[in-house]
Amino acid sequence: MLPTVRGVLFDKDGTLFDFNATWMPLYLETADEVAGGDKALALRLLVESGYDEATRRLDPHSPLAAGTNQQIAEIWARVAGGEWSVQRLTRRFDANFAKSMAMRPTPVTDLAVLFGHLKRKGLRIGVATMDSHAAARAAVETFELVGLVDFVCGYDSGHGHKPGPGMVEAFCRAVELPARDVAVVGDTPHDMHMARAAGAGLALGVLTGVSPREVLADHADRVLASIAELETLLA
């Protein structure tokens, strides 16, 4: 039996949006820009921050998969050196990754339809991402989720970072629910650890991001192909 769920807190990239289709082109573009066209340096930037050249996948525990723009910038500044400071790289990441909305990231399902069904069932909905708060708000607006989403936060919203409990705790305060009534949905072990740290009632992994089933299965209560299966699970 699943616990009672009255609220769902979603990760963004890899959960609401297909990670590889949305983010890998931006990572490749930004690495090439920072490397000044030096292909070897661009590859080193990616590898040092979590990219596996052989499998062309990201380590689900790595900064590229689950970290903040600043955490990636700290690695790239060390590798690239020269004029690329952590501050400059963080600004460049924020600017380049904001393009993901203009490029229309690939949602894993019709988000407005799914969220509408969940809201009609009385569920409160939140989005918690290691991307910026501005990027999260842009996603909500771009995909016509305003009025369906009760809470949005990013790494810069003041609620701490995954895998700490702060984002879940902030969601619970905003929607006035105990953590035991909340399901956290994400594509990385960081999301699952955040759920556990906050005492969330359910930790659900999805396979639309960077983690294979065998990795998520060690940390999640259930592993779903995508959030498209969520409504059936919670029925």
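Residues numbered from 1 in each chain as written. Predicted model: local features only at pLDDT ≥ 70, side-chain atom pairs only at ≥ 80, totals over all residues. Heavy atoms only, no water.

Student: Describe helix 1 (residues 19–34), with residues and values.
Tutor: In this model, helix 1 (16 residues) spans 22 Å end to end at C-alpha, consistent with the 22 Å of a helix rising 1.5 Å per residue. Regarding helix 1, the residues found buried are F19, T22, W23, M24, L26, Y27, T30, A31 and V34. The buried residues of helix 1 occupy an angular sector of 165° when projected down its axis, which confines them to one face. Structurally, the start of helix 1 carries an N-cap: the backbone nitrogen of N20 is 3.3 Å from a side-chain oxygen of D18. Looking at the residues trailing helix 1, positive phi occurs at G36, about 65°. (Helix = DSSP H or I, 4+ residues; strand = E, 2+ residues; numbered from the N terminus. Expected span 1.5 Å × (residues − 1). Buried < 20%, exposed > 50% of the residue type's maximum accessible area, 1.4 Å probe, protein only. Arc of directions from axis to C-beta. Polar contact = N/O pair within 3.5 Å; in protein donor to acceptor, adjacent residues only side chain to side chain.)

Student: Describe in detail the sheet that holds strand 1 (residues 7–10), supporting the description with residues and values.
Tutor: The six strands lie next to each other as 5-4-1-6-7-8, forming an open sheet whose pairing is parallel. The strands lining the two open edges of the sheet, one partner per strand, are strand 5 (151–153) and strand 8 (222–224). Taken over all neighbouring pairs, the strand axes of this sheet differ in orientation by 20° on average, direction set aside. Note: strand 1 against strand 4 (residues 124–128), four bridges, orientation parallel. Its bridge partner being in strand 4, F10 is matched across the sheet by V127. (Pairing = 2+ DSSP bridges. Axes fitted to C-alpha atoms, helices over the stretch in contact; angles between N-to-C directions.)

Student: Quick one: what's the story with helix 5 (residues 86–97), residue by residue and with numbers?
Tutor: With twelve residues, helix 5 extends 16 Å between its outermost C-alpha atoms, agreeing within 8% with the 16 Å of an ideal straight helix rising 1.5 Å per residue. Buried within helix 5 we find L89, T90, F93, N96 and F97. Along the axis of helix 5, the buried positions cluster into a sector of 135°, meaning they face one direction only. Helix 5 presents Q87 and R91 as exposed residues on the side facing more than 90 degrees away from its buried surface.

Student: An account of the side chain of D13 is requested, with residue identities and associated values reported.
Tutor: Along the polypeptide, D13 turns up in the loop between strand 1 and helix 1. Side chain to side chain, D13 and K12 meet in a polar contact 2.8 Å long. Among the polar contacts made by the side chain of D13, one reaches the side chain of W23 at a distance of 2.5 Å. Discounting residues that sit within four places of it in the chain, D13 has contacts with F19, W23, T129, D131 and D187. (Contact = heavy atoms within 4.5 Å.)

Student: Could you give me a rundown of the pairing of strand 6 (residues 182–186), with the residues and numbers involved?
Tutor: For strand 6, the tally of buried residues reaches five of five residues, placing the bulk of the element in the interior. With burial as the criterion, each face of strand 6 is covered, one bearing V182, V184 and G186 and the other bearing A183 and V185. Here four bridges tie strand 1 to strand 6, and the two strands are oriented parallel to one another. From the neighbouring strand, V8 faces strand 6, where its bridge partner is A183. When strand 6 meets strand 7 (residues 202–206), the two strands line up parallel, connected through four bridges. The partner of V184 across the bridge, within strand 7, is A203. Following the chain from strand 6 across helix 10 (residues 189–198) to the adjacent parallel strand 7, one finds a crossover that is right-handed. (Right-handed = clockwise from strand over helix to strand, strands pointing away.)

Student: For the pattern of salt bridges, give the residues involved together with the corresponding values.
Tutor: When the charged atoms of two side chains lie near each other, side chains of opposite charge can form a pair. In total, this model carries twelve salt bridges according to the counting rule given. Salt-bridge contacts for K39 lead to D32; the nearest nitrogen and oxygen are separated by 3.1 Å. By relative accessible area, K39 is classed as exposed at 61%. With a relative accessible area of 28%, D32 lands in the partly exposed category. Notably, a salt bridge pairs E33 with R92, separated by 2.0 Å at the nearest N-O pair. With E33 in helix 1 and R92 in helix 5, this pair connects stretches of sequence that are 59 residues apart. Put simply, D11, K162 and D191 are held in one network by salt bridges that share partners. (Salt bridge = Lys/Arg side-chain N within 4 Å of Asp/Glu carboxyl O.)

Student: Just give me the short version of the nonpolar core, but keep the residues and values in it.
Tutor: Core analysis: the biggest nonpolar cluster contains 29 residues, and F10, L16, F115, L145, V149 and I227 have the highest contact counts within it. Every element with two or more residues in this core is listed here: strand 1, helix 7 (111–120), strand 4, helix 8 (133–142), strand 6, strand 7 and helix 12 (230–234). If near-sequence neighbours (up to four positions away) are discounted, F10 is found in contact with T15, L16, F115, L118, I125, G126, V127, A128, V185, I227 and L230. L45, I72, I75 and F93 belong to the second-largest nonpolar core, a separate cluster that totals 27 residues. (Core = buried A, V, L, I, M, F, W, Y, C linked by side-chain atoms within 4.5 Å.)

All quantities given are derived from atomic positions and should not be read as evidence of function.
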